[in-house]
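Next come the chains, spelled out residue by residue.
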Amino acid sequence: MLLAGTALAACSNDEVGSSGDAGFVAGKGIITRLAVDERSRPGEVAGETLEGEPISLADYEGRTVVVNVWGSWCAPCRAEAADLVEASEELADDGVQFLGINSRDLDRAAAQAFQRRFDVPYPSIYDQKGQTLLAFQGTLTPNAIPSTVVVDDEGRVAASIIGETTKSTLVGLVEDVMAGED
Amino acid sequence: MSSHLDTAAASPPPAPPPAPPALSPRELGRWAWRQLTSMRTALVLLLLLALAAVPGSVIPQQDVDSFAVSRWKESHPELTPLYEKLGLFSVYESVWFSAIYILLMISLVGCILPRTKVYWNAMRARPPRAPRNLGRLPEARELVLDESPEVVLDRARQVLRRRGYRVEPGNGELAAERGYLREAGNLLFHASLLVVLVGFALGSLFGYTGGVIIVKGQGFSNSLSQYDDLAPGALWSPDDLDPFSFTIDDFRVEFLRSGEQAGMPTDFSADVTYTEQPGDEPRTHELEVNHPLQLGGGSIFLVGHGYAPLVTVRDGEGNVAYKGPAVFLPQDSSFASFGVVKVPDAVPEQLAFEGLFLPTYAFTMETGPFSRFPDALDPVMSLLPYTGDLGLDSGDPQSVYSLDKDDLEVVKHPDGRDFRLDIAVGQTKELPGGAGSITFDGVERWVKLQISDKPGKRLALGGVVLALIGMLGSLFIRPRRAWVRVRREDGRTLVELAGLDRSAGGDLADEVDQLEELIRHDTPKEKL
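Residues numbered from 1 in each chain as written. Chains lettered and ligands numbered in written order. Predicted model: local features only at pLDDT ≥ 70, side-chain atom pairs only at ≥ 80, totals over all residues. Heavy atoms only, no water.

### Some details on the state of the cysteines
All names here are of chain A.
Reasoning step 1: Taken as a whole and judged by the stated rule, the model has one disulfide over all chains.
Reasoning step 2: Paired by a disulfide, cysteine 74 and cysteine 77 hold their sulfur atoms 2.2 Å apart. Disulfide cysteine 74-cysteine 77: torsion about the S-S bond near 85°, hence right-handed.
Reasoning step 3: The class for cysteine 74 is buried, based on a relative accessible area of 2%. (Disulfide = S-S within 2.5 Å. Buried < 20%, exposed > 50% of the residue type's maximum accessible area, 1.4 Å probe, protein only.)

### Examining the sheet that holds strand β3 (residues 173-178) of chain B
Residue and element names in this part refer to chain B.
Reasoning step 1: Spatially, the five strands line up as an open sheet ordered β1-β24-β23-β3-β2, and their pairing is antiparallel. Strand pairing shows two members of the sheet lacking a second neighbour, β1 (139-145) and β2 (166-169), which therefore form its edges. Neighbour-to-neighbour, the strand axes of this sheet turn through a mean angle of 15°, independent of strand direction.
Reasoning step 2: As defined by bridge partners, strand β23 (residues 480-489) adjoins strand β24 (residues 492-501) across ten bridges and the pair is classed as antiparallel. For arginine 488, the partnering residue across the bridge sits in β24 and is threonine 493.
Reasoning step 3: Most of the contacts of helix α10 (residues 508-521) go to β1, to which it runs at about 10°, and overall it touches β1, β3, β23 and β24. (Pairing = 2+ DSSP bridges. Helix = DSSP H or I, 4+ residues; strand = E, 2+ residues; numbered from the N terminus. Axes fitted to C-alpha atoms, helices over the stretch in contact; angles between N-to-C directions. Contact = heavy atoms within 4.5 Å.)

### Structural notes on a nonpolar patch on the surface
All names here are of chain B.
Reasoning step 1: A surface patch of nonpolar side chains, amounting to about 550 Å² of accessible area, comprises Val44, Leu47, Leu48, Leu51, Val54 and Val58.
Reasoning step 2: Within the secondary structure, valine 44 sits in helix α3 (residues 39-58).
Reasoning step 3: Judged by relative accessible area, which is 45%, valine 44 ranks as partly exposed. (Patch = residues over 30% accessible without salt bridge, like charges linked within 9 Å, V, L, I, M, F, W, Y side chains within 5 Å. Areas by Shrake-Rupley, 256 points an atom, 1.4 Å probe, with all protein chains shown as cover. Salt bridge = Lys/Arg side-chain N within 4 Å of Asp/Glu carboxyl O.)

### What to know about the pattern of salt bridges
Residues and elements named next belong to chain A.
Reasoning step 1: Overall, the coordinates contain 42 salt bridges over all chains when judged by the stated rule.
Reasoning step 2: Salt-bridge contacts for lysine 167 lead to glutamate 90; the nearest nitrogen and oxygen are separated by 2.8 Å. Taken together, the residues lysine 167 in helix α4 (residues 167-178) and glutamate 90 in helix α2 (residues 75-92) connect sequence positions 77 residues apart.
Reasoning step 3: In this structure lysine 167 comes out as partly exposed when scored by relative accessible area, which is 26%.
Reasoning step 4: With its nearest N and O atoms 3.8 Å apart, the salt bridge here joins arginine 156 to glutamate 154.

### Notes on the packing of α3(B) against helix α6 (residues 95-124) of chain B
All names here are of chain B.
Reasoning step 1: α6 packs onto α3 with a crossing angle of 155° between their chain directions and a minimal axis gap of 9 Å. Classified by the interaxial angle, the pair formed by α3 and α6 is roughly antiparallel. For the element pair α3 and α6, the recorded crossing hand is left-handed. Across from Ala42, Leu45, Leu46, Leu48, Leu49, Ala52, Ala53 and Pro55 in α3, the residues of α6 making contact are Trp96, Phe97, Ile100, Tyr101, Leu103, Leu104 and Ser107. (Parallel < 35°, antiparallel > 145°, perpendicular 65-115°, else oblique. Left-handed = near helix turned anticlockwise from the far one by under 90°.)

Now the structure itself:
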């Protein structure tokens, strides 16, 4: 009985812990890179910006795009916000475009206040219900908020970070992707 | 013999018989295996499984309603450490429950597989030969007929065959048996139990259950980050989520207005527009408490509802720092709801509001403010505002329903009293010191949905149905044996007929009477 019991004690999910009553599911901080021949294009990632303008990932065809999923309510997103802004400014010289996907904010106002507070220079799609995230199925899915996905200049998903990141990690990852290394 | 008795008193008492030799490890293993796979052990384990499910039903479970667990823990602080140690808040994941389940499976498999061969052979066995003296069987008859033995025997064989017996002809006699399906029923029952266990195991390993609160007008896409809470099976992966999405277009709830049960909800339903894959034609569904939306990738159940007041918060600089619904959680059946509005991007200082939402405001000196009716007839919020540091910027995840007050201060009146504000729909209250203002714009409702996918549930259902059929078969099919012996005596044919019931009950006498009647006079009749 004891043997069976201990064998079974390992029966919890390795990828996702059970969430308790925090009100959201936390990811576990994973960086994944894909070799060039493993990459594929996501589905349509499009919508309206927080200001109401239409926008799409396809608008940036030909450039490396860093897609960051965030919410104004999300503590790790706030902690990494300054790093993301700095990374976006540093990588802008290399033609890298940052695109945010704002998810699970119940109204644009809080998200816009976030953008004001952290001086975010790049646009974000307002996607309360997370529809654009479904487009990443089959590639590297952004399974937590925050997550960052790097799309190479041929429109294919090349790398992802699930969880909070830092400027140096992100810049290093994007530069690897741009250099054609996996 | 006598000499033995004489000497018995004088000689020392006989040595006790030698103890049986200790079991070798292999023999010990065999003994343990036999014990484990015995039916008694299986029944004990089944009973334990049922008993183990009792705490799972009575004590709030972490994976089903973690808010209920937190509330229970708060109200029972002495019992909580004990319950946590025993794993009573997640009974179905606990080590001891899994151990019972696994042992039961091993016991069943270890018992059923060898028995399968036995049942199979029993099903195909030929009826045994007639005992020598048929007269000693419980129901025996003797007939004397005029026809020749061969004719009589032939007629007897046809009669028995028509009545469903398997007949084995012998030398001047017949052996017959019916009711082989009882063995088949037994076999089906035991095998189906295995199927049920496998079905449940599949569901709990590869399935998941998740919950989400959605405000009316908003929606959900089936991606891991969109869930509020999730209890995954051990072998489940977020890539297994099917890409459906839906919007809650409308939600209706009715409360009884009068009578004894005033305040009871009588009906909830939600209108949902959904797509199973991105790009599909949207379809609609009316979601009611017992009418889930069944999609390929999961089932969506309506399990609760509550209020989300709509507020606008302006910060010290006059910008709108928060606007929209804030989900408040109901505390009891009056739907007085508790919640928090966090405004982390208010400038110059972060703001927060914590307090009660009362759908139908009432006040007495004894109880203070309370809600007199669960419908939103006269909504009022009673809030305490805070300024300072919400603790969100450090990156440590917080519950969206509670404030971390370590670095927050209550906003106070100039005279030092707490600035509690009571605000009704349409009103705006300014915070002292120019910290900002809050406007109560209106009230929206939210629904709580449970989304789950349990592969193998149809397998489990099929298994239960088959097990029932098998059990009915093994209970109600009566195996029976019959023998007929004929011989020639004095120019006439003497027929001995006997029957034997292999299980209790049933009226053997009737059956043998029928057989006798038919053997005497059987002529092919039309079926009426």
